[in-house]
Amino acid sequence: MNALALLVPLALGLGLAALAFFGWTLRNGQYEDPDGAAARILFDDNQETPRCPPPDSR
Amino acid sequence: MNALPARLDVEEPRLSAAACAHCGAPVPAGAGRFCCAGCEGAAALIAGLGLDAFYRRREGVAELRPVPLPPVDFSARAEPLGNGRDHRLDLMVAGLACGACVWLVEQALAMEPDVLRARASLTARRLTVEWRGPASRAAELAGIVARLGFRVAPWSAACLRATEDAEEKALARALGIAAFGASNVMMLSVAVWVGSDMGEATRALMHWLAALIALPVVLVAGMPFYRSAYAALRAGRINMDMAVSLGVVATTAMSLSEALRQGPFTWFDGATALLALLLAGRLLDRAARRRARQACAELLALQSAEVTRLAADGTARRVGAETVRAGERLLVAPGERLSLDGVLEEGEALLDTAATSGESLPRRFAAGEALPAGAVNLGAALVQRVTAAAAEGSLAAVSRLLERAEQARGRYVSIADKAARIYVPVAHGVALATFLGWWLGMGLPWQAALVPAVAALIVTCPCGLAIAVPAVQVVAVGALFRRGVLVGSPTALERLAACDVAVLDKTGTLTLGRPELLADPARPEGALEAAAALAASSRHPLARALVAACPALVAAAAGVSELPGAGLRRGDERLGSAAFCGLAAAEEDGPALWYRSPAGAVAFRFADPLRPDAAEAVAALRRLGLEVELLSGDAPPAVARAAGALGIGMWRGGATPADKAARIGQLRAEGRRPLMIGDGINDAAALALAHASASPAGSTDLAQAAADLVLRAEGLSALPAAVATARRAQAAARQNIAFSLAYNLVAVPMAVLGFVTPLLAAVVMASSSLVVILNALRAGREA
């Protein structure tokens, strides 16, 4: 019974955490471009676009 | 993982000497590495940016030939960002076929110093670019993408509607919740099933924990079904969602009552697993259809253009066609499609009306004559006075007709609903009889009598039945998508499978929709080249065909003047109709051009050639048992020739749009199920009225909107394949339904007699679903 008192809430808590995480990915739009996401991980030199380019860089 | 596997099917040499190093098109021997100046420029641009890794990374060779930007005011579409200085533009980028394309587009834009962010979505083909600076940069940025070889168009509202599917999102959310519930409840249920030495108190704890999880899950995740069932109930119809809803709710209620009276088993696992399984099927079905809708919107976005409005002072501005009011004047450039009805203000005009009337030859219009929207200007730029705003014009009238037809189609009863009509009352009747029999007949307490009754509901509960049809649909729609056939409507495949007569349009459907020069061994040497030099300065389709037929490169001769609708003249050389060349009109056998020079007169004859696979497609349709008819707006002799070449006995020429619709109506009145295939605005009404309809690649937007199926790949060969796939899918759906019913014949008596435990129900449910899914997979074979 003691084991249950620990394990059942633990299992439920993990399940709920996973559900919350799924909800976050859904809201975050992570399923909007599954094809692109699959390809993107292969870009090895995917440098981030500079956020603030110096005004006279060219 | 590739969004456009259809393109990968084409095995093309990648960088061999005979293929363009950029777009992969064949290059004549000795012409260098590129097929055209555009491709050479694109490759130079890519090399200059240091992005040539693109060529090694891309999968297959997509259509990448650079095209000019569409005549759209991109800067007007740029939206200012929060701070007012920065702007954002959303573009639809066709030809984004693989990850390398996404990488290339994003990197090329990111190299611009003022670009803040460039992000392309491979699934939606949407490019979002944000930059620091004025809106006027929009066209330049779009131009970079176009120079790389991608066709771009402003991201339209239709694209957005096709992409953002709120219901799909709700289904995904419900599926996540149901999957969470099913797995966690199953964890508790398995403990009860295997723990036969479990104490009563522990078992009760397990049941209440399961109830704690299952009750909210059933309430929230079942919403899509409850809503649909409620809507059907209010409309007085019966659908499968009613059986699902009642089954799930009754199972949950009975399990709750079992938990209360400390029974040996609860059935929460069955209720949640059923929901999860059905939601997964529904989500896949919806995603497959959204992909098809997205591809359709992409095709349409490439067609949408703006119009040039002339202000009173003669200044021209490009505006959206919907903002133009009757009485305003528009400038229509050569080659532009008329978006609005109007009259010709002055001079003469030559219009290609193939899309509006089906005529394969252009027509001449005099000043004051009405110009139909949808026609293409082949002559010089013309000024048109608008007679009806977009919302009241002829195109809008066709659109309204399509909407009405769409509603009529919405009333089509699918095979799943037909099965539900019989099945739901019977299943519920059996469950009710079981309950009454055990309760009143055998004298059990009502709670105990509820158990076999609900068990009967669960095993009959249409798990196999409810996914019998969607599973087949997902497989068949996906297989057709890979072949370049876009299926938008949920009942399209069913209707297509039932068609028994195919009505084909000629111009643009069976034929290529553009004339080609016929070979003539008697033609004097050099005449073709001389005539082509004159023709090169005209947009007339015959003149263009003449230039295209000339093997050598043609430079436009200088000093050529064009009389719209008559011909071309330079000095004493003339190219045009027989009358224009001063010749007695000879026996006209199809379209012809005459070339007259001091050396003599030569005739060039043309024909609108059949698509290379038209004969094969017609034969294949016949093999599938469909009768084939030809119904065209073109002149009867041209229609007769095409019918003769294809061996079609039933044909009719000179048909107006109303005639076409009437013929479809007549066939339906005879109890036939016509499949209409057409590409023009004049076919739209017939397409909408037909039992099922398809439009080939390059159709007008209205025809595509009216058709159930859009063939994206060039040619007609996908059409018989689509019919065959639809029939296979229909057969598989019937087998699935039959199997589900047969299995009920065994399972229901067991449930009624009270032999079914939750474990058995779970095994039976899963196995029947697996059988149905495996059978559905057969529908997609060799599509």
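### Description of the overall build of chain B
Per the secondary structure count, chain B includes 28 helices and 27 strands. Here the C-alpha coordinates of chain B stretch approximately 110 × 65 × 55 Å along the principal axes. The buried share of chain B, taken over its 783 residues, is 51%. In chain B, once contacts between residues fewer than 6 apart in sequence are set aside, the share between residues at least 24 apart is 68%.

### Some words on the overall build of chain A
From N to C terminus, chain A includes two helices and zero strands. Looking at chain A as a whole, 7% of its 58 residues qualify as buried.

### Topic: the domain arrangement of chain B
All names here are of chain B. Here chain B is described as being made up of domain 1 (1–155), domain 2 (166–291 + 411–473 + 758–776), domain 3 (325–389), domain 4 (476–512 + 612–727) and domain 5 (516–607). Contacts between the two partners involve eight residues from domain 3, matched on the other side by 12 residues from domain 4. Tallied by class, the residues present in the side of domain 3 that touches domain 4 amount to two nonpolar, five polar and one charged.

### Re the nonpolar core
Residues and elements named next belong to chain B. In terms of nonpolar packing, the biggest core is built from 233 residues, with Val-105, Val-145, Ala-178, Leu-496 and Leu-709 touching the most fellow members. The element that contributes the greatest number of residues to this core is helix 12 (residues 268–303), accounting for 18 residues. Residues in contact with Leu-496, not counting those within four places in the same chain, are Leu-675, Ala-692, Asp-708, Leu-709, Ala-722, Val-723 and Ala-726. The next biggest cluster of nonpolar side chains, apart from the first, holds 21 residues, and it includes Ala-531, Leu-546, Cys-581 and Leu-593.

### A short note on the sheet that holds strand 7 (residues 316–319) of chain B
The strands making up a sheet associate through backbone hydrogen bonding, with each pair oriented either parallel or antiparallel. Residue and element names in this part refer to chain B. The sheet built from six strands is open, its strands ordered 7-6-8-14-9-12 with antiparallel pairing. This sheet does not close on itself; its edge strands, each paired only once, are strand 7 and strand 12 (370–371). Relative to strand 7, strand 6 (residues 307–310) is paired through four bridges, and the arrangement is antiparallel. Across the sheet, the residue bridging to Thr-308 is Arg-318, located in strand 7.

### Some details on the sheet that holds strand 19 (residues 567–570) of chain B
Residues and elements named next belong to chain B. One open sheet accounts for six strands, arranged 17-22-21-20-19-18; its pairing is antiparallel. Taken across any chain shown, the strands that pair with only one partner, and hence form the sheet edges, are strand 17 (516–517) and strand 18 (561–563). Two elements, strand 21 (residues 592–597) and strand 22 (residues 600–607), share six bridges in a ladder whose sense is antiparallel. Note that in strand 22 the partner of Arg-596 across the bridge is Ala-601. Lying over the sheet, helix 20 (residues 527–535) contacts strand 19, strand 20 (573–576), strand 21 and strand 22, oriented at roughly 80° with respect to strand 20.

### Points about the packing of helix 5 (residues 99–110) of chain B against helix 6 (residues 138–148) of chain B
All names here are of chain B. The interhelical angle for the contact between helix 5 and helix 6, taken along N-to-C directions, is 140°, at an axis separation of 10 Å. The angle between helix 5 and helix 6 places the two elements in the oblique class. Regarding helix 5 and helix 6, the two cross each other, and that crossing is right-handed. Taken together, the residues of helix 6 that come into contact with helix 5 (itself represented by Leu-104, Val-105, Ala-108 and Leu-109) are Leu-141, Ile-144, Val-145 and Leu-148. Its residues assigned to classes, the contact of helix 5 with helix 6 shows eight nonpolar, no polar and no charged.

### What to know about the packing of helix 16 (residues 446–460) of chain B against helix 27 (residues 718–752) of chain B
All names here are of chain B. Viewed as axis vectors pointing N to C, helix 16 and helix 27 meet at an angle of 165°, and their least axial separation amounts to 8 Å. With respect to helix 27, the element helix 16 is oriented roughly antiparallel. Two packed elements cross with a definite hand, and for helix 16 against helix 27 that hand is right-handed. Together, Pro-452, Ala-455, Ala-456, Val-459 and Thr-460 of helix 16 and Asn-744, Ala-747, Val-748, Ala-751 and Val-752 of helix 27 make up the contact between the two elements. Grouping the constituent residues of the contact of helix 16 with helix 27 by class yields eight nonpolar, two polar and no charged.

### Examining the confidence of the model for chain A
Of the residues in chain A, 72% reach a pLDDT of 70 or more, and the chain-wide mean stands at 75. Long-range and interchain partners of residues 48–58 of chain A, a stretch whose pLDDT sits below 50, account for eight contacts in this model, where long-range means more than four residues apart.

### Some thoughts on the confidence of the model for chain B
Residues and elements named next belong to chain B. Put simply, chain B has an average pLDDT of 81, and 93% of its residues get 70 or more. Per-element confidence in chain B ranges from a low mean pLDDT of 38 for helix 1 (residues 5–8) to a high of 93 for strand 25 (residues 674–677). Note that pLDDT drops below 50 for residues 1–17; the model gives that stretch 27 contacts with residues more than four away or on any other chain. Interface confidence in the predicted complex, given as ipTM, is 0.76; pTM for the same model is 0.75.

### Overview of the environment of Ala-476 of chain B
All names here are of chain B. Mapped onto the fold, Ala-476 is located in helix 17 (residues 463–482). Residues Ala-476 and Ala-721, 245 residues apart in the sequence, show an inter-C-alpha distance of 11 Å. Excluding its chain neighbours within four sequence positions, the residues that come into contact with Ala-476 are Leu-493, Thr-725, Ala-726, Ala-729, Ala-779 and Gly-780.

### Describing the interface of chain B and chain A
Listed per partner, the contact involves 25 residues of chain B and 24 residues of chain A. Elements with a minimum of two residues in the side of chain B that touches chain A: helix 5, strand 3 (115–121) and helix 8 (166–194) of chain B. The dominant element in the side of chain B that touches chain A, judged by the number of residues it contributes, is helix 8 of chain B, at eight residues. Taken together, the residues of the side of chain B that touches chain A sort by class into 17 nonpolar, five polar and three charged.

### Quick notes on helix 5 of chain B
Since the α-helix advances by 3.6 residues per turn, residues separated by three or four positions end up pointing in the same direction. All names here are of chain B. Its 12 residues place the ends of helix 5 16 Å apart at the C-alpha level, agreeing with the 16 Å of an ideal helix rising 1.5 Å per residue. Most of helix 5 sits inside the fold, with 12 of its 12 residues counted as buried. All of the buried residues along helix 5 are Gly-99, Ala-100, Cys-101, Val-102, Trp-103, Leu-104, Val-105, Glu-106, Gln-107, Ala-108, Leu-109 and Ala-110.

### Here we look at the pairing of strand 5 (residues 151–154) of chain B
All names here are of chain B. Residues Arg-151 and Ala-153 point to one face of strand 5 and Val-152 and Pro-154 to the other, with burial holding for every one of them. Across four bridges, strand 2 (residues 86–94) lies against strand 5 in antiparallel orientation. Among the inter-strand pairings, Val-93 is bridged to a residue of strand 5, identified as Val-152.

### Comments concerning the environment of Ser-189 of chain B
All names here are of chain B. Mapped onto the fold, Ser-189 is located in helix 8. Here Ser-189 falls in the buried class, since 26 other C-beta atoms lie within 10 Å of it. For Ser-189 and His-207, which are 18 residues apart along the polypeptide, the C-alpha to C-alpha distance reads 7.9 Å. Setting aside chain neighbours within four positions, we find Ser-189 in contact with Ala-210, Asp-269 and Pro-758.

### Some points on the pairing of strand 10 (residues 349–352) of chain B
Residues and elements named next belong to chain B. Residue alternation in strand 10 divides its side chains into two sets, Ala-349 and Leu-351 and Leu-350 and Asp-352, and both sets are buried. Taken together, the three bridges between strand 10 and strand 11 (residues 363–365) define a ladder with antiparallel strand orientation. Considered in strand 11, the bridge of Leu-350 is made with Arg-364. With two bridges connecting them, strand 10 and strand 13 (residues 376–377) associate as antiparallel partners. Bridge pairing links Asp-352 to Val-376 in strand 13.

Cut-offs applied
- Residues numbered from 1 in each chain as written.
- Chains lettered and ligands numbered in written order.
- Predicted model: local features only at pLDDT ≥ 70, side-chain atom pairs only at ≥ 80, totals over all residues.
- Helix = DSSP H or I, 4+ residues; strand = E, 2+ residues; numbered from the N terminus.
- Buried ≥ 20, exposed ≤ 12 C-beta atoms within 10 Å, placed from the backbone.
- Contact = placed C-beta atoms within 7 Å.
- Domains from an automatic or database assignment.
- Nonpolar A, V, L, I, M, F, W, Y, C, P; charged D, E, K, R; others polar.
- Core = buried A, V, L, I, M, F, W, Y, C linked by C-beta atoms within 7 Å.
- Pairing = 2+ DSSP bridges.
- Axes fitted to C-alpha atoms, helices over the stretch in contact; angles between N-to-C directions.
- Parallel < 35°, antiparallel > 145°, perpendicular 65-115°, else oblique.
- Left-handed = near helix turned anticlockwise from the far one by under 90°.
- pLDDT = per-residue confidence, 0-100.
- Expected span 1.5 Å × (residues − 1).

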